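Fold and geometry: a report
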Amino acid sequence: MDSTFDRFSTLFSTFIGGGRTYLLAKGRVALYLALRGLDVGRGRKVILPGYTCVVVPGAVKAAGVELVYVDVDARTFNISPEHLEAISPRDVGAIVVQHTYGIPADMTRIGAWACRYDIPIIEDCCHAFGSGLDGRMLGTFGNAAFFSGQWSKPFSTGLGGMLLVSDSGLIEKVERIIAAEVRAPSLIRQWRLRAQILAFRAAVTPSRLQRITTAYRALSRWGLVVGSSETRELEGDTPSQYVTGMAPCQAREGIRQMRGVQRLIANRRVVAREYSRRLPELGFRAVTLEPGEDPVLLRYPVRVGNKRELLEAARQRGLWLGSWFESPLHPAESNLGAFGYRPGTCSVGEQAAREVVNLPCDPGVDERHIDAVLRFLRERAIPA
Ligand SMILES: *Cc1c(COP(=O)(O)O)cnc(C)c1O
């Protein structure tokens, strides 16, 4: 049993480029443990991008810390260095740097700011598995990084989270906290996770994914499967049994996925290149890159002027168009106030939430899917 965990965590650390990997129930739990390991607790603040998934501020809240949102950059959808440099570093215990859609954040400027005030960086790599910057992989720039193993993420362990720690002092602290606090998932949970992994492997193809996701969400609301979030998490509560480890079946799935990882990444690159080539011909803005940025995109962001109608039309047609993020703290139903977000704080993030839909880059997306998605955009979307 232990050797399965060891094998997966070694494969993972080696792939990203060093450090140690800890295996948890979810990405958010990895963030929570990183904050605990860094001794970021009550009386401190954590900086987050104002364009993220609500479970990220949820993990920060679970650590008892105050939240400070910094607006994002309109090109990268990541924390804007200009806005960051305008923030007071007082009482800031850590900064969470998210690499949205897989596009690298500006680690040179953000790193310089953090270094000047001796503030640790935690990279949110949940979208950015395999992305590089200046010849290094994302996840190696901060003191720690976390990855998500959810179905919808680039690397799936059938839910699950990976915490990668590079800093040796932090490794020791995190190990102590994990040994004392992280519980193994119950046997019932393990059986369910295993059944879900097998069901997904058998059922999922890009064209079916929309329907499967809808069914999965419904089953999860009824408590019939292990879901990704509980309703109360959107309200600002920490669910019970939050600090749980990964199940052996998930680590085995992780090992299995690591075998095909180069192909997975190569496929994402091909799909994204195709979108980048063809979107401008249709009047849409492509993702633009600066020298040194080498993203592996999880989903391809496109700004449109009719997001809501477009998503509804896509749903009716069974097309796989994504809505991340629908609000500065996704999803739209989140109680922003409970997470300390005041509307208007991050106007670039809010505009992105109104405009951005995302196109699939997942394995299995081929020329035919790309054609269908682009034809749909040409017919129905208004460029923004
Ligand atoms: C999905 C996601 C997370 C959370 O991952 P979980 O494994 O669901 O906890 C964190 N950050 C971002 C940007 C995400 O998209």
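Keep in mind the model is a prediction, meaning the values are calculated, not measured.

On a plain count of helices and strands, the protein comes out with 14 helices and 14 strands. In terms of overall dimensions, the protein is globule-like: its C-alpha atoms have a radius of gyration of 20 Å, near the 21 Å expected for 384 residues. In terms of its C-alpha atoms, the protein occupies a principal-axis envelope of roughly 55 × 50 × 40 Å. Of all 384 residues assigned to the protein, the portion counted as buried reaches 57%. Partitioning the contacts of the protein with sequence separation of at least 6, the portion at a separation of at least 24 is 74%. Of the roughly 16700 Å² that the protein leaves accessible, carbon and sulfur atoms contribute 50%.

Let's shift gears to the side chain of Glu 274. Mapping Glu 274 onto the fold places it in helix H11 (residues 261–278). Separated by 2.8 Å, the side chains of Glu 274 and Arg 277 make a polar contact.

This part covers the sheet that holds strand E7 (residues 132–133). The sheet built from three strands is open, its strands ordered E8-E7-E11 with antiparallel pairing. Each of the sheet's edge strands pairs with one partner strand only, and the pair in question is strand E8 (136–137) and strand E11 (293–294).

Here we take up the site of the ligand. Within the structure, the ligand sits among 15 residues, and Arg 28, Asp 124, Ser 148, Gln 150 and Lys 153 are positioned closest to it. Gly 27 has a polar backbone atom sitting 2.7 Å from an oxygen atom of the ligand. Asp 124 is positioned with one of its side-chain polar atoms (N or O) 2.7 Å from a nitrogen atom of the ligand. Burial of the ligand by the surrounding chains reaches 98%, relative to a free accessible area of 380 Å². Where the shell around the ligand is concerned, the elements lending two or more residues are helix H2 (27–37), helix H3 (55–62) and strand E9 (144–148). Grouping the amino acids of the shell around the ligand by side-chain chemistry returns five nonpolar, six polar and four charged.

Counting across every chain of the model gives 18 salt bridges. With a closest N to O distance of 3.0 Å, Glu 293 and Arg 75 form a salt bridge. Here the residue Glu 293 occupies a position in strand E11, and Arg 75 occupies one in the loop between strand E4 (66–70) and helix H4 (81–85), the gap between them amounting to 218 residues. Residue Glu 293 is classed as buried on the basis of its relative accessible area of 14%. In this structure, Glu 312 and Arg 315 form a salt bridge, with 2.9 Å as the shortest nitrogen-oxygen distance. With Glu 312 and Arg 315 both in helix H12 (residues 307–317) and three residues apart, this pair spans about one turn of that helix. Overall, the relative accessible area of 34% leaves Glu 312 in the partly exposed class. Given a relative accessible area of 49%, Arg 315 falls into the partly exposed group. One network of salt bridges, with partners in common, ties together Glu 274, Arg 277, Arg 278, Glu 367 and Asp 371.

This part is about the nonpolar core. Soluble globular proteins tend to pack their nonpolar side chains together in the buried interior. If you look at the biggest cluster of nonpolar residues, it comprises 44 residues, and the most contacted ones within it are Leu 31, Leu 33, Leu 35, Val 46 and Leu 163. If you tally residues by element for this core, the top one is H2, at seven residues. Apart from residues lying up to four places away in sequence, Leu 35 is in contact with Val 40, Val 46, Ala 59, Val 60, Ala 63, Ala 94 and Ile 122.

For Arg 28, the location among the structural elements is in helix H2. Arg 28 sits in the buried class, given a relative accessible area of 6%. For Arg 28, the side chain forms a polar contact with the side chain of Glu 233, separated by 2.9 Å. When residues no more than four places from it in sequence are discounted, the contact partners of Arg 28 are Val 55, Ala 59, Gln 150, Ser 228, Ser 229, Glu 233 and Tyr 242.

This part is about the environment of Ser 166. Looking at the secondary structure, you find Ser 166 in the loop between strand E10 (161–165) and helix H6 (168–181). Take Ser 166: its relative accessible area is 35%, and that puts it in the partly exposed class. Linking Ser 166 and Phe 155, residues 11 residues apart in sequence, is a C-alpha distance of 20 Å. Not counting residues within four places of it along the chain, the set of residues in contact with Ser 166 comprises Gly 19, Gly 139, Gly 142, Asn 143 and Ile 171.

Our next topic: the packing of H11 against helix H14 (residues 367–380). What describes two packed helices is the angle between their axes and the distance between those same axes. Their axes nearest at 11 Å, the elements H11 and H14 cross at an angle of 35°. Judged by the twist between their axes, the crossing of H11 over H14 is right-handed. On the side of H11, the interface is formed by Val 271, Glu 274, Tyr 275 and Arg 278, while H14 contributes Glu 367, Ile 370, Asp 371, Val 373 and Leu 374. Grouping the amino acids of the contact of H11 with H14 by side-chain chemistry returns five nonpolar, no polar and four charged.

Below, the discussion takes up the sheet that holds E9. Ordered by their spatial adjacency, seven strands build an open sheet running E1-E10-E9-E6-E5-E2-E4, and the pairing between neighbours is mixed. For this open sheet the edge positions go to strand E1 (20–24) and E4, each flanked by a neighbour on one side alone. When the angles between neighbouring strand axes are averaged without regard to direction, this sheet yields 20°. Direction of pairing for strand E2 (residues 45–49) relative to strand E5 (residues 92–98): parallel, over a ladder of three bridges. The residue bridging Ile 47 from the neighbouring strand is Ile 95, located in E5.

How each quantity is defined
- Residues numbered from 1 in each chain as written.
- Predicted model: local features only at pLDDT ≥ 70, side-chain atom pairs only at ≥ 80, totals over all residues.
- Heavy atoms only, no water.
- Helix = DSSP H or I, 4+ residues; strand = E, 2+ residues; numbered from the N terminus.
- Rg over C-alpha atoms; globule rule 2.2 N^0.38 Å.
- Buried < 20%, exposed > 50% of the residue type's maximum accessible area, 1.4 Å probe, protein only.
- Contact = heavy atoms within 4.5 Å.
- Areas by Shrake-Rupley, 256 points an atom, 1.4 Å probe, with all protein chains shown as cover.
- Polar contact = N/O pair within 3.5 Å; in protein donor to acceptor, adjacent residues only side chain to side chain.
- Pairing = 2+ DSSP bridges.
- Near = heavy atom within 4 Å.
- Nonpolar A, V, L, I, M, F, W, Y, C, P; charged D, E, K, R; others polar.
- Salt bridge = Lys/Arg side-chain N within 4 Å of Asp/Glu carboxyl O.
- Core = buried A, V, L, I, M, F, W, Y, C linked by side-chain atoms within 4.5 Å.
- Axes fitted to C-alpha atoms, helices over the stretch in contact; angles between N-to-C directions.
- Left-handed = near helix turned anticlockwise from the far one by under 90°.

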